[in-house]
Amino acid sequence: MHPSDEDLVVRYVEHGDESAFRTLLDRHQERVFGYLLGMVRDREVANDLFQETFLKVISALSKKRGSYTVQGKFLGWVLRIARNAALDHLRARKKWRDVESVGDSEEVDYWSRIPDEAPSAEEEIHQIEMADLLQAGIAALPEEQREVLLLRHESEMTFREIADLTGCSINTALGRMRYALINLRRHLTSQQRKDLSEVVVAHE
Amino acid sequence: MSNEKRDILLHLYGEGEPDQDLRTLLSKPALKSEYSALSETKFRLDIKKKERPDRAVIDRILAASRNEATQNGKKTRLDRGPVSRRVQLRKMLLPALSMAAVVVVSVGIGWIAFSNSTPEPILSSMYENEIVPPESLYRFVPSGKAGISTASSQSETLSWDDGSSIPNLHNRISSLKPTSPLDWGDSALPLEMLPSSNSRSGFQTAGSNK
């Protein structure tokens, strides 16, 4: 039986059990790093933010747990620290746009919100495989949609937890997720069509 | 977003309400088409390889956690002065109490062994008048120091150890010896040859009517 996150935190904080912290790090590193990488789209920056996040976690835990007071929500707490670090980085680089909440409205064309600066150059898309195509599609999503998609798929949070973390309603979180999936599908389909047409042209 | 589309998304991610029937929702062509499109994209996301941070980053974080844990341990020891003193006191008392316990147990074992090694009194008719109650056999009677008065409290010896029985026994053996002409080691004699002058001593033939 695996010990809970809370048990491991207690073992680390109360008894200085370093192996408990190592287990926590092993358990959640993919969830946190996947989210950060998807947000900043730069591996080096994601590494820096990941390290910064967990150093803050260590520091907070050593001060009688710091801000970690909610039982059984260790990952949510760590992701909140990671999210703040990512948003600070994006704001510093002026890449974070505070898009107004769109609620449940379907009238808005979310595809038009995809930033033009997304790394979707034709040369790159010709060479990448489906995984990279997917990654590019995620990167091309509006930030708010991308964040919900990353928190659900990389961090494995529930929509309720995502709503709590991002400070929106669960309906808003679900709406963002739905449009993220729709836009991602469009992106993949359009790129595949483009590839196919270029192959046909090359054969002609 | 309509409630039905919301419910479809929740079902897709395994967070739907149990009482909501997905088949009913998918009976509508528009919803079925959307569900199919969303699930295909979700599947591609599900099989996407998970990313991990660089090993060097993990090592740096673990080193920091190790340092913090060590510092926390030192802080904890400093903060717990009264507890430490209590532990030291306990460490000092424990051996002393252990030694005291060993001494008490040793004395007890010695006392029991000594009591068991004392000889049982010989019950014989010749000592019937010297039989004493069992409880007095093991009782040490001091010579009036504590003012306790018993039947044999006049001497400092144990009540049964007055030594009078051995001289008495010796005297009896000595008194019997000269009355018999026989001695150990003499050759065997017929019964008729035994002296019969003394009617009290010696043997008489079965046919004599004297």
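Please read these numbers as outputs of a predicted model, since none were measured by experiment.

Remarks on the overall build of chain A
So, point 1. When helices and strands are tallied, chain A shows 9 helices and 0 strands.
So, point 2. Shown N-terminal to C-terminal, the secondary structure of chain A runs as helices and strands in the order α-α-α-α-α-α-α-α-α.
So, point 3. By the burial criterion, 40% of the 204 residues in chain A qualify as buried.
So, point 4. Partitioning the intrachain contacts of chain A with sequence separation of at least 6 by distance along the chain shows that 66% fall at a separation of at least 24.

Examining the interface of chain B and chain A
So, point 1. Taken together, the contact between chain B and chain A spans 31 residues of the former and 34 residues of the latter.
So, point 2. Broken down by secondary-structure element, the contributors of at least two residues to the side of chain B that touches chain A are α1 (3-12), α3 (29-46) and α4 (55-79) of chain B.
So, point 3. Its residues placed into classes, the side of chain B that touches chain A shows 13 nonpolar, 4 polar and 14 charged.

Some details on unusual backbone geometry
All names here are of chain A.
So, point 1. Even without glycine at this site, arginine 41 takes up a positive phi of about 60°.
So, point 2. Relative to the elements of secondary structure, arginine 41 occurs in the loop between α2 (18-40) and α3 (43-62).
So, point 3. Judged by C-beta crowding, with 19 C-beta atoms within 10 Å, arginine 41 ranks as partly exposed.
So, point 4. Residues other than glycine seldom take positive phi values, yet glutamate 156 does so here, at roughly 60°.
So, point 5. Within the secondary structure layout, glutamate 156 lies in the loop between α7 (143-153) and α8 (159-166).
So, point 6. For glutamate 156, a count of 13 C-beta atoms within 10 Å translates into the label partly exposed.

Side note on α3(B)
All names here are of chain B.
So, point 1. If you check α3, its first and last C-alpha atoms are 25 Å apart, about what 18 residues at 1.5 Å a residue would give, namely 26 Å.
So, point 2. Those residues of α3 not exposed but buried are Glu34, Leu38, Thr41 and Lys42. The buried side chains of α3 occupy one side of the element, clustering within an arc of 105° when seen end-on. Residues of α3 that are exposed and point more than 90 degrees away from the buried face comprise Pro29, Ser33, Ser36, Glu40, Phe43 and Asp46.

Some thoughts on the packing of α2(A) against α3(A)
Residues and elements named next belong to chain A.
So, point 1. At their nearest, the axes of α2 and α3 sit 9 Å apart, and the two run at 135° to each other. One element, α2, and the other, α3, form an angle in the oblique class. When you trace α2 past α3, the crossing you get is right-handed. Here Leu25, Val32, Phe33, Leu36, Leu37 and Val40 of α2 lie close against α3, whose contacting residues are Arg43, Val45, Ala46, Leu49, Phe50, Thr53 and Phe54.
So, point 2. Of the residues belonging to the contact of α2 with α3, the class tally is 11 nonpolar, 1 polar and 1 charged.

Examining the nonpolar core
The tendency in soluble globular proteins is for nonpolar side chains to be buried side by side.
All names here are of chain A.
So, point 1. If you look at the biggest cluster of nonpolar residues, it comprises 58 residues, and the most contacted ones within it are Leu36 and Ala82.
So, point 2. Broken down by element, this core gets its largest block of residues, 11 residues, from α2.
So, point 3. Not counting residues within four places of it along the chain, the set of residues in contact with alanine 82 comprises Val32, Tyr35, Leu36, Leu49 and Thr53.

Here is what the cut-offs are and how they apply
- Residues numbered from 1 in each chain as written.
- Chains lettered and ligands numbered in written order.
- Predicted model: local features only at pLDDT ≥ 70, side-chain atom pairs only at ≥ 80, totals over all residues.
- Helix = DSSP H or I, 4+ residues; strand = E, 2+ residues; numbered from the N terminus.
- Buried ≥ 20, exposed ≤ 12 C-beta atoms within 10 Å, placed from the backbone.
- Contact = placed C-beta atoms within 7 Å.
- Nonpolar A, V, L, I, M, F, W, Y, C, P; charged D, E, K, R; others polar.
- Expected span 1.5 Å × (residues − 1).
- Arc of directions from axis to C-beta.
- Axes fitted to C-alpha atoms, helices over the stretch in contact; angles between N-to-C directions.
- Parallel < 35°, antiparallel > 145°, perpendicular 65-115°, else oblique.
- Left-handed = near helix turned anticlockwise from the far one by under 90°.
- Core = buried A, V, L, I, M, F, W, Y, C linked by C-beta atoms within 7 Å.

All quantities given are derived from atomic positions and should not be read as evidence of function.
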